[in-house]
Structures are given as structure tokens and as C-alpha cells.
Amino acid sequence: MGAGAFDRIRAAAPTISVGMMTADLLRLGEELEQLGPAGVELVHFDVMDGHFTPTMTIGPPLVKAVKTPLLKDVHLMIEEPLQTVTEYVAAGADVVTIQAESCRHPHRVLQALGQMENANDPARGIVRGVAVNPGTPLEVLDPLLGDCELVMLLAVNPGWGGQSFIPSTAERARRLRERLDGLDRDVLLCVDGGVKRDNVGAITQLGADLIVTGSAVFDGVDPEGNARAMLDAVRRAAA
Ligand code: DX5
Ligand code: ZN
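Residues numbered from 1 in each chain as written. Chains lettered and ligands numbered in written order. Predicted model: local features only at pLDDT ≥ 70, side-chain atom pairs only at ≥ 80, totals over all residues. Heavy atoms only, no water.

### A closer look at the site of ligand 1
As a reminder of what qualifies: Near is defined per residue: the residue qualifies when any heavy atom it owns lies within 4 Å of the molecule or strand. Any pair of N or O atoms that falls within 3.5 Å is considered a polar contact. Within protein, one atom must be able to donate a hydrogen and the other to accept it, and sequence-neighbouring residues count only if both atoms are side-chain atoms. The method behind every accessible area is Shrake-Rupley, applied with a 1.4 Å probe, and residues are considered shielded solely by the protein chains displayed. Buriedness of a pocket was judged along seven lines, with at least five required to meet protein on both sides within 12 Å; pockets are open sets of points on a 1 Å grid over the protein atoms alone, cavities are sets where a 1.4 Å probe fits but cannot get out, and lining residues have an atom within 4 Å of a point. What decides whether a molecule sits in a cavity or pocket is whether more than half of its atoms lie within 2 Å of the grid points. Secondary structure follows DSSP: runs of H or I at least 4 residues long count as helices, runs of E at least 2 residues long count as strands, and numbering of each begins at the N terminus.
Around ligand 1 lies a shell of 19 residues, among which Asp-46, Gly-162, Asp-192, Gly-214 and Ser-215 are the nearest. Here an oxygen atom of ligand 1 and a backbone polar atom of Gly-159 are 3.0 Å apart. Gly-214 places a polar main-chain atom, nitrogen or oxygen, 2.8 Å from an oxygen atom of ligand 1. Burial of ligand 1 by the protein chains amounts to 99% of its free accessible area of 370 Å². Judged by its atoms lying within 2 Å of the grid points, ligand 1 is housed in the largest cavity. The set of elements that each furnish at least two residues to the shell around ligand 1 consists of strand S2 (42-48), strand S3 (71-77) and strand S8 (210-213).

### Examining the coordination of the zinc ion (ligand 2)
Stated precisely, the cut-off is as follows: Only nitrogen, oxygen and sulfur atoms qualify as donors, provided they sit within 2.8 Å of the metal or within 3.2 Å for Na, K and Ca; with water excluded from the atoms, sites may seem incomplete. Under this scheme a four-donor centre is tetrahedral when all angles range from 85 to 135 degrees, a four-donor centre is square planar and a six-donor centre octahedral when opposite donors are above 155 degrees with the rest from 65 to 115, and any other centre is irregular. The buried label applies to any residue whose accessible area, calculated with a 1.4 Å probe on protein chains only, is under 20% of its type's maximum; exposed applies above 50%, and partly exposed to all values in between.
Within the first shell, the zinc ion (ligand 2) binds the protein through His-44 (NE2), Asp-46 (OD), His-75 (ND1) and Asp-192 (OD), at distances of 2.0 to 2.3 Å. Between the six donor atoms coordinating the zinc ion (ligand 2), the angles at the centre fall across 68 to 166°, so the site counts as octahedral. On the primary sequence, the residues serving as donors to the zinc ion (ligand 2) are separated as H-x1-D-x28-H-x116-D. A residue pair is termed long-range when its members are at least 10 positions apart, and His-75 in strand S3 and Asp-192 in strand S7 (residues 188-192) qualify at 117 residues. A residue is classified by how much of its surface remains accessible, and His-75, at 0% relative accessible area, is buried.

### Here we look at the sheet that holds S7
Hydrogen bonds between backbone groups are what pair the strands of a sheet, and the pairing can be parallel or antiparallel. Rule in force here: Pairing between strands requires that DSSP locate at least two bridges from one strand to the other. Interaxial angles span 0 to 180 degrees and are taken between N-to-C directions of axes, which are lines fitted to C-alpha atoms, for helices over the stretch in contact.
Spatial strand order, S1-S2-S3-S4-S5-S6-S7-S8: eight strands in a closed barrel with parallel pairing. Between one strand axis and the next, the sheet turns through 25° on average, direction left out of account. Of the pairings in the sheet, the one linking strand S1 (residues 15-19) to S8 comprises four bridges and is parallel in character. Considered in S8, the bridge of Val-18 is made with Thr-213.

### Quick notes on the pairing of strand S5 (residues 127-132)
Convention followed: By convention a crossover is right-handed if, when the strands point away from the viewer, the path from the first strand over the helix to the second runs clockwise.
Burial analysis of S5 places six of its six residues in the buried class, which makes it a mostly covered element. When strand S4 (residues 95-99) meets S5, the two strands line up parallel, connected through five bridges. Paired with Ile-98 across the bridge in S5 is Val-130. The β-α-β motif built from S4, the intervening helix H6 (residues 106-114) and the parallel element S5 has right-handed crossover chirality. Note: S5 against strand S6 (residues 150-154), four bridges, orientation parallel. By the bridge assignment for S6, Gly-129 is matched with Leu-150.

### Describing empty space enclosed by the protein
Our working definition: Grid points are joined across faces, edges and corners, and a volume is the space filled by probe spheres set on the points. Each residue is assigned to one of three groups, with Ala, Val, Leu, Ile, Met, Phe, Trp, Tyr, Cys and Pro labelled nonpolar, Asp, Glu, Lys and Arg labelled charged, and all others, Gly among them, labelled polar.
Tallied over the entire structure, the rule returns one cavity of 30 Å³ or more. Here the largest cavity defines a volume of roughly 250 Å³. It is S2 that provides the largest number of residues to the lining of the largest cavity, a total of three residues. Split into classes, the residues belonging to the lining of the largest cavity amount to nine nonpolar, 13 polar and three charged.

Right, dumping it as C-alpha cells:
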């Protein structure tokens, strides 16, 4: 029996969630084993369907195949997630984030997720997230804030790892932080895309609780050292 997934993230925040997209997928198990010793708590799965995004990546079987003590943070960049969200939950997702732009009924998807049980351990619960693309007004999040535990600002247009952080994200993060601080419930602020060693501190200081970083950790050289360096930078910025 573990603690609730939300409480684990809240206790670790600000912290990082490491994107596996640029890891060596043929050695994914070994690659991910480097994250725990560095102090990482979450692995971030970027799910792309070739419709919502120009590219395709992975689906539920790979999320399920990964055996890890880390929380599975599943970012669904797919059209109409209501049809498949159950499969990601069955595959062991602890965090499920949908894109606000991806369907006509994002609220319904959040309601449905609220009824589902965490497949790893029912006591963990499921953290429900809503993400917005860089070109989407933040106001779309307003009616959803009562039914999610995490909001995610994409700092790149989704499709690939290794892109550059879009500068306007900083102002959006400030505004969203203020909005969340005014709520009577605790909603985590997450920033995803273009996060490197040289900007992770500044992003932490914008008030992000969770920061997704992929290619800066899985660079083909030293994932454990990279993850450590990122976490150190986050802690220094938060101190
Ligand atoms: C955007 C994805 C990201 C992102 C992370 O397409 O949602 O998670 O690519 O990768 P890096 O850190 O390389 O930008
Ligand atoms: Zn992502």
C-alpha cells in the first residue's frame, strides 16, 4: 500500500517528471532504472496518435510493460480520449493528463477518470490532469478546475522531444499560478516541453510544482547524472 499519488507528488514538489520519449526504447527498463537512484518520482509517457499530433508514439501496452516503482505520468496527446482512457488506467497510469483541445467533452473525461480505480493500488487514486497547448487561452481551464488535480502548460507545440521553450509560457505560468493560488482546492501546476538545465531553475521560480523534462535527461549519455543535476537545480531554485 503506497501513499496517494497526489500526496506523493505534492510532498516532492517542486520536482521533475522525466519524459521517456528520447530514451533508448530497446533498453527502456535499464534506462528507467537510472531515475530512482537520482531521486526521481515520476516517469512521463508522451502518448501521440498521429492525429492530435503529427507524430505517433506509444499506446497502453508499453505503459503496461514498464515495471517501475516510479509513478506513471501519462500525457495523452490523442483525439477523443474518452474512448481509450480506460486502457491507460488499466495499464497502470497514476497521472492521466488529457489535452483540453482534444475533445468536445473534456469535463466528461475528467468525471469518468474520477470514477476509475488505480490499477497499481486503489489507495493511490488517479491524478487527473488537463493540458493546454501554447496557443490555447488559459480560460478554457476555468470550468475544469473543480474536477482535476493538475494543470499542464505545454511550453512547446506537441509532437517531438528536444524543442525550444516558447518564451510566452513564462507569463502564462505566472497567470495560472495566481489563478490556482486563489482556488479553495489544491491543483498542481505542471510545465512540459523545452526544459533544460539552464532554464529549469527559472521555471521552478514561476511556481511550477511539476516540471517535465525529456531530452535533457535521456541524452544518450548520462541519464542518472542529468536527472540529479535537474533535481538539484530545482531544489536550489525553490530554496
Ligand atoms: C511535447 C511533449 C513533451 C516534451 C518533453 O511534445 O509533451 O513531454 O517533448 O521533451 P523535451 O524535454 O525534450 O522537450
Ligand atoms: Zn508530455
